[in-house]
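Topology and contacts: notes
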Amino acid sequence: MLKRRRFKQTKTLHQRLEEEAAQLREHARALAPGRRREMLLRRARQDEMAIQIEAWLHSPGLRAPT
């Protein structure tokens, strides 16, 4: 039976998403307008949206349904 490879994350999901979004935006800034640039910017926006969703899920005002 194969064993799963497990990784211990040293950074939080929030930090990893922020770093990836910043790197994608920096890379997109260096490209000329076109499909590749738009795809990088779209991915950066998706990362930022994931940050907002993650923050909303961990907000103290969010309660489980009863």
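As a starting point, this report considers the structure included with it.

Calculation notes
- Residues numbered from 1 in each chain as written.
- Predicted model: local features only at pLDDT ≥ 70, side-chain atom pairs only at ≥ 80, totals over all residues.
- Heavy atoms only, no water.
- Helix = DSSP H or I, 4+ residues; strand = E, 2+ residues; numbered from the N terminus.
- Buried < 20%, exposed > 50% of the residue type's maximum accessible area, 1.4 Å probe, protein only.
- Contact = heavy atoms within 4.5 Å.
- Areas by Shrake-Rupley, 256 points an atom, 1.4 Å probe, with all protein chains shown as cover.
- Lys, Arg positive; Asp, Glu negative; His and termini not counted.
- Charge placed at Lys NZ, Arg CZ, Asp CG, Glu CD.
- Core = buried A, V, L, I, M, F, W, Y, C linked by side-chain atoms within 4.5 Å.

Within the chain, the regular secondary structure consists of 2 helices and 0 strands. For the chain, the spread of C-alpha atoms along the three principal axes comes to 50 × 40 × 20 Å. When each of the 66 residues of the chain is scored for burial, the buried share is 14%. Taking contacts inside the chain between residues at least 6 apart in sequence as the whole, the part at least 24 apart equals 33%. As presented, the chain carries roughly 6,300 Å² of accessible surface, and 56% of it is formed by carbon and sulfur atoms. With 16 positive and 8 negative side-chain charges, the chain shows a spacing of 8 Å between the two charge centroids.

What follows deals with the side chain of aspartate 47. Mapping aspartate 47 onto the fold places it in helix α2 (residues 35–57). Its relative accessible area of 4% is what places aspartate 47 among the buried residues. Each residue touching aspartate 47, except ones within four places of it in the same chain, is listed here: Leu17, Glu20, Ala21 and Leu24.

So, on to the nonpolar core. Counting 6 residues, the largest nonpolar core is built from Ala21, Leu24, Ala28, Leu40, Leu41 and Ala44. Elements supplying a minimum of two residues to this core: α1 (13–30) and α2. Residue contacts for leucine 40: discarding those within four places in its chain leaves Leu24, His27, Ala28 and Leu31.

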